[in-house]
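Reading the structure
One-letter residues, chain by chain:
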Amino acid sequence: MKTKNLFLAGIITLSGMFIFTSCNKDDETVDLSATQTEAAEMVAYSLSEGTSGTTSDIETAAALANGAIGYESGSKSASGTDKSLNCGESADTTMVTAGTSVITYNNTKTYNYKLECDTLGNPVMLDMSFTYDGEFDAPRLASNHSVNGNFEITSIENTSDMYLINGTWERSGGFESKIRNQANRQATIQFELVDVAVEKEPKEIDNGTIHFTIEGGSGRGSFSYEGTITFTGNGEATIEISGSRYVTNLETGEVEEQ
């Protein structure tokens, strides 16, 4: 009888250990905070023209400035009757941007802008703000988000071939990874533009810097990074984050660590 009781006690003990181990496995959580490379990818796709990101908004700002001051390529004369805005006058433009190639995207964007002049009536700055909601679906990442920003566009006199853009750009929303652990994350990406030079024609970014922060989480891990984007003038930019350096294609948003 004593042997039988010991046998039953052993079974009960083993069962308890099995249940305890199973519960521990069920309670284990996987840390879904973004790695440094994943953060760099979210920044790159937010910058990308191919997702209608910051690069697209910078180029649109240049186009709207051209219309506001009546800029004509090759003209070195001061802006005059050809400009669409008078000094101190405001305007707004709403446009739908959509893409259907390797990266699909859809946004409805509204830009508000005002022409500032000096005491002689010469244009000196276009003050612009914008907001929109949108989405994109790329091979490695998808997102639903909202965007807001404020740009100050200077060097708008016709004697200059490039605009200088300073200001802020922010994207907040959900980011769904299609690789690694395929995590769904909420994130906010903030850009601070510092002297971003964009050609008036053909409205391409030549050089400049963006300081950025990105932070967010998935409920199973949070993350926070900051870094610098440098435009190199060849359709690419470098992203420096936590001591590492990546090159990104401004059209596709693809990144490659150097």
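Just so it is clear, the structure is predicted and the values come from calculations on it, not from any experiment.

This part is about the state of the cysteines. As enumerated under the stated definition, the model contains 1 disulfide in all. Here C87 engages in a disulfide with C117; their sulfurs sit 2.1 Å apart. Judged by the sign of its S-S torsion, about -90 degrees, the cystine formed by C87 and C117 is left-handed. Of the two residues, C87 sits in the loop between helix 3 (54–69) and strand 1 (90–100) while C117 sits in strand 2 (residues 104–117), which places them 30 residues apart along the sequence. Among the residues examined, C87 registers a relative accessible area of 39% and is labelled partly exposed.

Let us now look at helix 2 (residues 36–47). Here helix 2 contains 12 residues, and its C-alpha end-to-end distance of 17 Å stays within 8% of the 16 Å for a straight helix at 1.5 Å per residue. In terms of burial, helix 2 is largely enclosed, as 10 of its 12 residues are buried. Along helix 2, the residues classified as buried are E38, A39, A40, E41, M42, V43, A44, Y45, S46 and L47.

In this section: helix 3. For helix 3, spanning 16 residues, the distance from its first C-alpha to its last is 23 Å, which sits close to the expected 22 Å at 1.5 Å a residue. Among the 16 residues that make up helix 3, 14 are buried, leaving the element largely enclosed by the rest of the structure. One or two residues past the end of helix 3 sits G70, with phi positive at roughly 70 degrees.

Once that is clear, we can look at the nonpolar core. Within soluble globular proteins, side chains that are nonpolar generally end up buried alongside one another. Counting 56 residues, the largest nonpolar core has M128, F151, I153 and F191 as its most contacted members. Beyond its immediate stretch of four places on either side in the chain, I153 contacts A61, A65, V124, M125, L126, M128, Y163, L164 and I165.

Examined against the element boundaries, R171 turns out to sit in strand 5 (residues 162–177). In this structure, R171 is buried with no salt-bridge partner, the nearest side chain bearing the opposite charge being D57 at 6.6 Å. A polar contact of 3.5 Å, which involves the side chain of R171, links it to the side chain of S46. Among residues more than four places away in sequence, those in contact with R171 are Y45, S46, T51, S52, G53, F136, H145, S146, V147, A187, T188 and I189.

So, about the confidence of the model for the protein chain. When pLDDT is averaged along the protein chain, the result is 86; 84% of the residues meet or exceed 70. Within the protein chain, the lowest mean pLDDT, 46, falls on helix 1 (residues 2–27), and the highest, 98, falls on strand 9 (residues 236–241).

Okay, unusual backbone geometry next. For residues that are not glycine, phi is negative in most cases, and the peptide bond is trans in most cases. Backbone torsion omega between E201 and P202 reads 10 degrees, so that peptide bond is classified as cis. One non-glycine residue, D195, lies in the positive phi region at around 50 degrees. Among the structural elements, D195 can be located in strand 6 (residues 184–199). For K203, which is not a glycine, the phi torsion comes out positive at approximately 60 degrees.

Per the counting criterion, the structure on display carries 6 salt bridges. Put simply, K178 and D137 hold a salt bridge, and the shortest N to O gap is 2.2 Å. Of this pair, K178 sits in the loop between strand 5 and strand 6 while D137 sits in strand 3 (residues 123–137), and the two are 41 residues apart along the sequence.

Applying the stated criterion to the full structure yields 5 aromatic pairs. Ring geometry for Y111 versus F130: centroids 5.6 Å apart, planes at 50 degrees, classification tilted. Placement of Y111 in strand 2 and of F130 in strand 3 is noted, with a sequence separation of 19 residues between them. For Y111, a relative accessible area of 0% puts it in the buried group. We classify F130 as buried; its relative accessible area is 2%. Ring centres of F223 and Y225 lie 6.5 Å apart, and the angle between their planes is 35 degrees; on these two criteria the pair is classed as tilted. On the accessibility criterion, F223 (7% relative accessible area) is buried. You can call Y225 buried: its relative accessible area is 17%. Among the aromatic residues, those joined into a ring-pair cluster are Y111, F130 and F151.

We now examine the sheet that holds strand 1. Taken in spatial order, the 11 strands make up an open sheet running 1-2-3-4-5-6-7-8-9-10-11, and their pairing is antiparallel. What marks the edges here is a single partner per strand, and that holds for strand 1 and strand 11 (255–257). Strand-to-strand twist in this sheet, taken as the mean axis angle between neighbours without regard to direction, amounts to 20 degrees. Where strand 8 (residues 222–231) and strand 9 come together, 5 bridges link them in antiparallel fashion. Bridging from a neighbouring strand, F231 pairs with A237 of strand 9. Contacting strand 3, strand 4 (141–154), strand 5, strand 6, strand 7 (205–217), strand 8, strand 9, strand 10 (244–249) and strand 11, helix 2 crosses the sheet at an angle of about 55 degrees to strand 6.

Cut-offs applied
Residues numbered from 1 in each chain as written. Predicted model: local features only at pLDDT ≥ 70, side-chain atom pairs only at ≥ 80, totals over all residues. Heavy atoms only, no water. Disulfide = S-S within 2.5 Å. Helix = DSSP H or I, 4+ residues; strand = E, 2+ residues; numbered from the N terminus. Buried < 20%, exposed > 50% of the residue type's maximum accessible area, 1.4 Å probe, protein only. Expected span 1.5 Å × (residues − 1). Core = buried A, V, L, I, M, F, W, Y, C linked by side-chain atoms within 4.5 Å. Contact = heavy atoms within 4.5 Å. Lys, Arg positive; Asp, Glu negative; His and termini not counted. Salt bridge = Lys/Arg side-chain N within 4 Å of Asp/Glu carboxyl O. Polar contact = N/O pair within 3.5 Å; in protein donor to acceptor, adjacent residues only side chain to side chain. pLDDT = per-residue confidence, 0-100. Phe/Tyr/Trp six-rings, centres within 6.5 Å; stacked < 30°, edge-to-face > 60°. Pairing = 2+ DSSP bridges. Axes fitted to C-alpha atoms, helices over the stretch in contact; angles between N-to-C directions.

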